[in-house]
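Structural overview for review
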Amino acid sequence: MKIMIVGSGGREHAIALKLSESEQVKQILCIPGNGGTANLPKCRNIAMNVSDFAGIARFAGVQGINFVVVGPEDPLANGIADYLQEQKIPVFGPTKAGARIEASKIWAKALMVKAGVPTAKGESFTKPTAAKEYIASQAAPLVVKADGLAAGKGVVVAQTQGEAIQAVDDLTAQGFTTLVVEEYLTGAEVSVFAVTDGQTFRTLITAQDHKRIGEGDTGENTGGMGVYAPAPLVTPELMGRIEREILAPTLNALQAKQIDYRGVLYAGLMITPSGDPKVLEFNCRFGDPETQVILPLLATPLEKILAACVEQKLEALPPIEWHPGCAVCVVAAAEGYPGKYRRGDEITGVDAAETMGVTVFHAGTQSRQQQLLTSGGRVLGVTALGEDFKAAVDKAYGAIAQIQFEGMYYRRDIAHQVLPKPKPASAPTPASEEVEATAISSADLEQE
Ligand code: AMP
Ligand code: GLY
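**Here we look at the nonpolar core**
- The biggest cluster of nonpolar side chains holds 49 residues, and the ones touching the most others in it are Met4, Val68, Ile101 and Leu269.
- For Leu269, the residues in contact, after removing those within four places along its chain, are Ala188, Glu189, Val190, Val192, Ile242, Ile246, Pro277, Lys278, Val279 and Leu280.
- Of all hydrophobic cores here, the second largest spans 44 residues; its members include Ala16, Val25, Ala207 and Ala229.

Okay, structure coming up:
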């Protein structure tokens, strides 16, 4: 097989690495790829812009590729899948109509409401004054969202009405003309991925992403600062509910709109304190950095899953298999991210980190004259596997300590909520208390 991957982040590096491990995959062409894909076996970076649909289609045709996998949301929202399909090039990724599930929060909300999919109550506004009047009538906290694509940065969780009103001004000043004001949901967030051929779907293992820049989940939202999988929160019973209450009705609603959705349906969910799953957002692609923990645990060859979706044969695919254990990915970001960030700094220590048994995924790197340089806000993702979360966390942090670049920042608390809690330090129990405790419990037994 010959496969083309569109994109240049850690997610695309993870997809390329997984595909390169299969004997069935003979060549991988990355458009444009990054410093990580440049060094993978069977992999070739092609310096082409992801928005050059005509160039990509022509090159794919000449190379005789089996299918194209589209990583990021922008080309999908701009219709790359439609274009490639018109040129008879098979593609993993939904059409422009399907990508609206991510590209327009209003469209996605309307689809969910109509399909009865549980989600936060929200209203949309094209006039800032109307948004502010609505905010004044609602109890805080509130969430203010820009309608279009914003790379995870168009969402403000406002603790007060004043902050929500400020968010309306800020997002309007950034050029967003349509806003959504949403009810604030509490609970635990989880990322759920379904691959679909448009007719049926299969879920992958779940992941928990750390979206905020600061430790303890504080500060600004980012694209994701670290992640772990599988999410212990999602029991098989809860997954059954997510499939029945969220994924199946959403896919049905897409089908009812005659949308050709072959790709990933990614549900960002809040598991509310009552245990009910509610949708925060849908995305039309694999998550980044979630892919960097999900794919290393995948045992079924990835190209089989992707091809089954592209060829609309997912129903016939044998059950997807997984390696046992856990995966943890810690993201190293450039100074300033998620705001204006440094770039062009030399990165050292990647090889030393990898000798410690981790995979270093390149998210924003560039190779230039034998040097590896930073070129994005999220620079690297260090993924470690372990038989449990403790082993994976220790390995990931041990390895990331080998890596250096000017202004490098990473959170030190990734996956810490799933580590075993340290036993509280207790004073040695006096012998007399031990005797008393034994006496009480044997007395209890006698009473029974
Ligand atoms: P989104 O891009 O819609 O997923 O929003 C980015 C992040 O903002 C989410 O991962 C949540 O942490 C937070 N968020 C979004 N919507 C809500 C909501 N209705 N209630 C609470 N937090 C939210
Ligand atoms: N990690 C969040 C996303 O991919 O949107």
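Back to the write-up after that little detour.
**Focus: the site of ligand 1**
- The local shell around ligand 1 holds 15 residues, among which Lys145, Glu182, Leu185, Glu189 and Glu281 are the closest.
- A distance of 3.2 Å separates an oxygen atom of ligand 1 from a polar side-chain atom of Lys105.
- One of the side-chain N or O atoms of Glu281 is found 2.9 Å from an oxygen atom in ligand 1.
- Taking 470 Å² as the accessible area of ligand 1 by itself, protein coverage stands at 95%.

**Quick look at the site of ligand 2**
- Near ligand 2 the following residues occur: Asp209, Lys211, Gly223, Tyr266, Asn283, Arg285, Gly287, Asp288, Pro289 and Glu290.
- Measuring from an oxygen atom of ligand 2, one finds a side-chain N or O atom of Arg285 at 2.8 Å.
- Interatomic distance of 2.8 Å between a side-chain N/O atom of Glu290 and a nitrogen atom of ligand 2.
- For ligand 2, the accessible surface in isolation is 200 Å², of which the surrounding protein chains cover 91%.
- In the shell around ligand 2, the residues fall into two nonpolar, three polar and five charged.

**Quick word on the pattern of salt bridges**
- One pass over the structure, following the stated rule, counts 17 salt bridges.
- A salt bridge links Asp276 to Arg241, with the nearest nitrogen and oxygen atoms 3.0 Å apart. Here Asp276, found in the loop between strand 16 (263-271) and strand 17 (277-283), pairs with Arg241, found in helix 9 (residues 236-256); they are 35 residues apart in sequence, far enough to count as distant.
- The salt bridge partner of Asp345 is Arg342, with a shortest N-O separation of 2.8 Å.
- With relative accessibility at 12%, the residue Asp345 sits in the buried group.
- In this structure Arg342 comes out as partly exposed when scored by relative accessible area, which is 33%.
- Linked through salt bridges whose partners overlap, the residues forming this network are Glu73, Glu102 and Arg285.

Parameters at a glance
Residues numbered from 1 in each chain as written. Chains lettered and ligands numbered in written order. Predicted model: local features only at pLDDT ≥ 70, side-chain atom pairs only at ≥ 80, totals over all residues. Heavy atoms only, no water. Core = buried A, V, L, I, M, F, W, Y, C linked by side-chain atoms within 4.5 Å. Buried < 20%, exposed > 50% of the residue type's maximum accessible area, 1.4 Å probe, protein only. Contact = heavy atoms within 4.5 Å. Near = heavy atom within 4 Å. Polar contact = N/O pair within 3.5 Å; in protein donor to acceptor, adjacent residues only side chain to side chain. Areas by Shrake-Rupley, 256 points an atom, 1.4 Å probe, with all protein chains shown as cover. Nonpolar A, V, L, I, M, F, W, Y, C, P; charged D, E, K, R; others polar. Salt bridge = Lys/Arg side-chain N within 4 Å of Asp/Glu carboxyl O. Helix = DSSP H or I, 4+ residues; strand = E, 2+ residues; numbered from the N terminus.

As far as function goes, none of this settles anything; it's purely spatial.
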